[in-house]
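# Summary of structural features
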Amino acid sequence: MIGVVGNDIHIVANRVLARGLRLAGYDVCNLGVNNPPDDFLNAAIEFEADAVVISSINGEGEGWVKGISAAFIKSGLSGVRLYIGGNLTVGDRPRDEVEARYLGFGFDRAYHRPISMDILLNDLAIDLYHVC
Amino acid sequence: MSVKLNEMVEDFSAKRALLRIHPLVRELPEDASALWLVKMPVECFAAVAYERRKHCPFLQPRGGFGLWDQQRELSLALAKAGADFLPLTIDSHTRHNDYDRALMLLRQSEETGENLLNGYPLLAHGATVTRSLYEGINIPVSLRHGTPDARLLVEVALDSGITEIEGGGLCYCLPYSRAYPVDRALLNWQYVDRLCAVLSTPERPIHRESFGPLTATMVPPFMVVAVEILELLLAAEQGVSSYAISFAQTGSLTQDLATARALRFCASHYLECYDLKNISVRLVFHQWMGAFPHERVHADALIVQGAVTAALAQADKVVVKTRTEALGIPDPQSNADAVGMSRYAMELCQGGDIIGNGSEIAEEAESIISAVDHLLGIVFECGGTALWDSVARAVRSGLIDIPFSPHQENANRMWTLRDADRSIRIADPGFVPLPQTFLNRERAKLAGRCSDKSLDRMLDDIMLMVRQGGGK
């Protein structure tokens with residue numbers, strides 16, 4: 001399941017990601033843009049998602065997703081893999097620092113300004129199918 | 001051709017009073033903006049500045065910070081760097097009318113010193129504080145946002161002495177919102193247009209500007225021109241007297257110059273058709289709005305190429321990008337450098353209409369105009385009580401269809417691809433009505449690549465400026 005979190009309307013990468021994941025053989029539920037965190041949780045339950053890939057492009061992701069991992073665990077979805085990617089901070093900060101902060105929020109993987117979708121596709125294959 | 005231009009019959013002042021009951025706005029009375037605007041120097045008015053422009057297009061950087069101090073510092077730096085217009089870019093929460101969240105995050109940012117907003121929360125700061133941002137800076141300020149319901153935001157902007165208001169019912173809804181009803185957005189912007197008209201005086205007109213880049217992703221020029229003309233007519237019928245149509249660099253020099261030609265031609269043609277003569281129209285060019293190269297040399301070259309294109313198109317204003325575009329919100333120094341680079345490049349391009357009459361550009365412009373005339377003719381026949389209503393119906397029926405719009409009312413059926421010269425062409429028009437000769441020409445330009453819907457092709461087209469020059 002994929003979608004853009006918060007008051008964030010950046011759609012282009014979301015459409016590309018949906019297409020890329022479908023072409024890679026995944027069954028994709030795309031929530032599109034402007035989603036409050038609760039929508040991811042509700043849709044993950046309904047869709048029986050194996051992985052939830054959240055995007056945030058406008059730099060305001062932190063305020064929205066801090067508690068999302070805890071909410072997933074509380075709803076019994078601790079087995080669902082959580083990913084976040086995009087432009088994860090306002091201004092220019094070191095990638096490692098930014099990604100570490102999101103891993104601290106309970107995400108399985110975080111990608112600050114990823115260069116290619118292939119990184120996510122590789123990680124998904126490893127995390128979901130133990131393919132190296 | 002028939003179109004019913006709307007006359008607003010309700011008492012506008014009663015409408016305003018009702019809106020201004022909002023707790024974040026009522027610090028100032030309804031006549032605050034008129035009283036403040038009349039005291040401002042005339043050179044702070046965009047419309048007056050345009051009258052006085054010499055040969056070089058005006059330059060406007062981008063930028064908005066959450067905290068007052070940062071915005072003040074940015075404004076001073078940009079003015080010092082030679083910007084002709086200052087931007088005031090609004091944060092995403094205010095854009096979505098989530099004023100409470102914007103206020104909460106502003107307080108949090110003020111306490112921690114860490115900026116949690118991606119723009120200036122105008123309502124949270126209020127008009128009195130915002131007026132003081134521009135003390136001693138006598139150049140026009142432009143409100144940049146992306147708000148389907150900007151009625152309160154524009155009330156406060158005008159209270160603050162901001163004289164240029166960007167946006168429109170289509171251009172600030174279809175690219176910026178998922179679910180805000182298009183018909184309501186058009187009516188909200190009718191309010192904004194009327195407000196700007198009501199607060200204009202002959203010496204101090206409030207300037208309106210449309211946002212032609214739309215999603216800035218594979219939008220064909222004829223659709224940009226059609227949207228710009230519809231919003232121009234909607235503003236003119238509300239009494240707006242100073243207006244700018246705009247578009248963004250497409251990635252094809254031919255198509256950029258042809259779009260400028262087509263916009264100018266169609267604007268004067270349609271205003272004349274509907275006898276809307278009391279409005280002056282400017283042309284604004286946005287430097288490349290798509291994914292920006294990370295490498296400094298590529299980013300700088302792209303900025304300069306945009307400046308050259310704007311000079312050749314004889315634009316009235318250029319909205320510049322910075323070399324740090326790919327890295328987030330630009331700092332004052334990269335903005336100042338972008339202004340300097342662009343001005344230098346444009347000054348090197350003087351010499352009148354050098355290539356604007358080239359046969360390839362003229363042919364492309366003719367083709368764009370033929371598509372615009374065909375589409376608008378059908379939009380005007382969509383029925384409804386007024387032009388805004390016809391436009392809303394045209395969106396719902398897919399006649400107006402913006403590629404990569406996140407909006408649920410947008411059809412998303414039109415499919416575009418770049419041809420060998422990088423011009424944006426129609427591979428599949430979806431429900432958009434287009435003349436057969438236009439479609440035949442588009443398909444001929446694509447030379448059999450019409451059906452290529454692969455991911456790689458899509459990324460090549462979108463990421464044109466990133467994948468160019470070894471960036472792939």
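An account of the accompanying structure is given in this report. Just so it is clear, the structure is predicted and the values come from calculations on it, not from any experiment.

## Here we look at the pattern of salt bridges
Residues and elements named next belong to chain B. Tallying each qualifying case throughout the model produces 35 salt bridges over all chains. For arginine 425, the salt bridge is made with glutamate 364, and the minimal N-O distance between the two is 3.0 Å. Pair noted here: arginine 425 is in strand β10 (residues 424-428) and glutamate 364 is in helix α15 (residues 359-380), with a separation of 61 residues, a long-range link. Residue arginine 425 is classed as buried on the basis of its relative accessible area, which comes to 2%. Residues joined by salt bridges that share partners form a network here, namely Glu363, Glu364, Asp419, Arg425, Arg441 and Glu442.

## Observations concerning the sheet that holds strand β1 (residues 2-4) of chain A
Residues and elements named next belong to chain A. As summarised here, the arrangement of the four strands in space is β1-β2-β3-β4, forming an open sheet in which the pairing is parallel. Among the strands making up the open sheet, the edge pair consists of β1 and β4 (109-112). Each strand axis lies, on average, 15 degrees off the axis of its neighbour in the sheet, ignoring direction. The pairing of strand β2 (residues 51-56) with strand β3 (residues 81-86) spans six bridges and is parallel. Bridge pairing in β3 links valine 52 to leucine 82.

## Remarks on the interface of chain B and chain A
Contact residues are listed per partner, giving 30 residues for chain B and 23 residues for chain A. Interface of chain B and chain A: buried area, both sides summed, is about 2,200 Å²; carbon and sulfur atoms make up 55% of it. The three residues of chain B that bury the most area against chain A are Arg178(B), Leu327(B) and Leu455(B), which together make up 26% of that side's buried surface. Across the contact surface, chain B and chain A share two salt bridges. Notably, a salt bridge pairs Arg93(A) with Glu114(B), separated by 3.2 Å at the nearest N-O pair. In this structure, the connection of chain B to chain A is made through eleven residue pairs in polar contact (both at pLDDT 80 or more). Broken down by secondary-structure element, the contributors of at least two residues to the side of chain B that touches chain A are α5 (92-95) and α18 (455-462) of chain B.

## Quick notes on helix α9 (residues 151-159) of chain B
All names here are of chain B. Where burial is concerned, most of α9 is hidden: eight out of the nine residues are buried. Residues of α9 that are buried include every one of Leu152, Leu153, Val154, Glu155, Val156, Ala157, Leu158 and Asp159, and no others. Residue glycine 161 follows α9 closely and has a positive phi angle near 90 degrees.

## Structural notes on the packing of helix α4 (residues 68-80) of chain B against helix α14 (residues 332-347) of chain B
Residue and element names in this part refer to chain B. Following both chains from N to C, one finds α4 and α14 inclined at 25 degrees, their axes separated by 9 Å at the closest point. Between α4 and α14, the interaxial angle falls into the category roughly parallel. Every pair of crossing elements has a handedness; the one defined by α4 and α14 is right-handed. Counted together, Leu74, Ala77 and Leu78 of α4 and Pro332, Asn335 and Ala336 of α14 form the full contact between these two elements. Taken together, the residues that form the contact of α4 with α14 break down as five nonpolar, one polar and no charged.

## Comments concerning the pairing of strand β6 (residues 242-248) of chain B
Residue and element names in this part refer to chain B. With seven of its seven residues buried, β6 lies for the most part within the structure. Going residue by residue along β6, you find Ser242, Ala244, Ser246 and Ala248 tucked away on one face and Tyr243, Ile245 and Phe247 tucked away on the opposite face as well. Examined bridge by bridge, strand β5 (residues 207-209) and β6 share three bridges and lie parallel to one another. Paired with glutamate 209 across the bridge in β6 is alanine 244. In this region the chain leaves β5, passes through helix α11 (residues 221-237) and returns to the parallel neighbour β6; the handedness of that crossover is right-handed. Alignment of β6 against strand β7 (residues 280-286), held across seven bridges, turns out to be parallel. Residue phenylalanine 247 lies in a different strand from β7, and its bridge partner there is phenylalanine 285.

## Concerning the sheet that holds strand β8 (residues 317-319) of chain B
The strands making up a sheet associate through backbone hydrogen bonding, with each pair oriented either parallel or antiparallel. Residues and elements named next belong to chain B. Across the sheet, eight strands lie side by side as β1-β8-β7-β6-β5-β4-β3-β2; this open sheet has parallel pairing. The strands lining the two open edges of the sheet, one partner per strand, are β1 (58-60) and β2 (86-89). The sheet shows a mean angle of 25 degrees between the axes of neighbouring strands, direction not considered. Where strand β3 (residues 141-144) meets strand β4 (residues 164-166), two bridges bridge the pair, whose relative direction is parallel. Across the sheet, leucine 143 pairs through a bridge with isoleucine 165, a residue of β4.

## Looking at the environment of Phe58(B)
Residue and element names in this part refer to chain B. Assignment of secondary structure puts phenylalanine 58 in strand β1. Each C-alpha atom of the pair phenylalanine 58 and lysine 317 lies 4.3 Å from the other, and the pair is 259 residues apart in sequence. Setting aside its immediate chain neighbours within four residues, phenylalanine 58 contacts Ala49, Tyr50, Arg53, Asp84, Phe85, Asp316, Lys317 and Val318.

## A short note on unusual backbone geometry
Residue and element names in this part refer to chain B. A positive phi angle is found at alanine 216, which is not glycine, with a value near 55 degrees. Here alanine 216 lies in the loop between β5 and α11. Residue classification places alanine 216 among the partly exposed residues on the basis of a relative accessible area of 24%. Phi is positive for phenylalanine 404, close to 65 degrees, though the residue is something other than glycine.

About the cut-offs
Residues numbered from 1 in each chain as written. Chains lettered and ligands numbered in written order. Predicted model: local features only at pLDDT ≥ 70, side-chain atom pairs only at ≥ 80, totals over all residues. Heavy atoms only, no water. Salt bridge = Lys/Arg side-chain N within 4 Å of Asp/Glu carboxyl O. Helix = DSSP H or I, 4+ residues; strand = E, 2+ residues; numbered from the N terminus. Buried < 20%, exposed > 50% of the residue type's maximum accessible area, 1.4 Å probe, protein only. Pairing = 2+ DSSP bridges. Axes fitted to C-alpha atoms, helices over the stretch in contact; angles between N-to-C directions. Contact = heavy atoms within 4.5 Å. Buried area = accessible area lost by both parts, 1.4 Å probe. Polar contact = N/O pair within 3.5 Å; in protein donor to acceptor, adjacent residues only side chain to side chain. Parallel < 35°, antiparallel > 145°, perpendicular 65-115°, else oblique. Left-handed = near helix turned anticlockwise from the far one by under 90°. Nonpolar A, V, L, I, M, F, W, Y, C, P; charged D, E, K, R; others polar. Right-handed = clockwise from strand over helix to strand, strands pointing away.

By themselves, these figures tell us nothing about what the structure is for.
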